[in-house]
Amino acid sequence: MADNPTVKRLARYLGRDETSDKVLADLTEYAEIVTAFVHGYTRGRGFVGDLPDVPLEIVIVSAAARLVDNPSHMKRQSAGMFSVAMTTLDGFTLPELAVLHRYRKRTQ
């Protein structure tokens, strides 16, 4: 999946070196996880083989970036008086859902 354009786009989005095999290998698992979520949510619509349409790829990159940033899903970290609220991947955001709903087969 190192040649996968979604992984390279994720690297660019995170400001990482998209030509580094190590960076791409590290990001591949995160992209695969979120791609599976998106594929399941859309029931495969919007995918040609394993590759998603561009709008779905953007959703994958956006959601995977949250997972890369906080793989342990920690909501808050504090030390003394210092406290940080962290982003988590606990679902898709409203803009991501708007894109996903365009591809999801729904009853009328």
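Keep in mind the model is a prediction, meaning the values are calculated, not measured.

A. Inspection of the packing of helix α1 (residues 5-13) against helix α3 (residues 54-69) at higher detail. Closest axis-to-axis distance for the α1/α3 pair is 9 Å, and the angle between their directions is 55°. On the basis of the axis angle, α1 is oblique to α3. Both α1 and α3 take part in a crossing whose hand is right-handed. Here α1 contributes Pro5, Thr6, Arg9, Leu10 and Tyr13 to the contact with α3, which in turn contributes Val54, Glu57, Ile58, Ile60, Val61, Ala64, Ala65 and Val68.

B. How the structure looks around the nonpolar core. Residues Leu10, Leu27, Val34, Val38 and Leu56 are the most contacted members of the largest nonpolar core, which totals 22 residues. Mapped onto this core, the elements with two or more residues apiece are α1, α2 (21-42), α3 and α4 (94-103). Among the elements that line this core, the one with the most residues is α3, at 9 residues.

C. Region of the structure containing the packing of α1 against α2. Closest axis-to-axis distance for the α1/α2 pair is 9 Å, and the angle between their directions is 110°. Here α2 runs roughly perpendicular to α1, going by the angle between their axes. Residues Val7, Lys8, Leu10 and Ala11 of α1 form the contact with α2, whose participating residues are Val23, Leu24, Leu27, Thr28 and Ala31.

D. Quick peek at the environment of alanine 63. Turning to its location among the elements, alanine 63 is positioned in helix α3. In sequence terms alanine 63 and leucine 10 are 53 residues apart; their C-alpha atoms lie 9.8 Å from each other.

About the cut-offs
Residues numbered from 1 in each chain as written. Predicted model: local features only at pLDDT ≥ 70, side-chain atom pairs only at ≥ 80, totals over all residues. Heavy atoms only, no water. Axes fitted to C-alpha atoms, helices over the stretch in contact; angles between N-to-C directions. Helix = DSSP H or I, 4+ residues; strand = E, 2+ residues; numbered from the N terminus. Parallel < 35°, antiparallel > 145°, perpendicular 65-115°, else oblique. Left-handed = near helix turned anticlockwise from the far one by under 90°. Contact = heavy atoms within 4.5 Å. Core = buried A, V, L, I, M, F, W, Y, C linked by side-chain atoms within 4.5 Å. Buried < 20%, exposed > 50% of the residue type's maximum accessible area, 1.4 Å probe, protein only.

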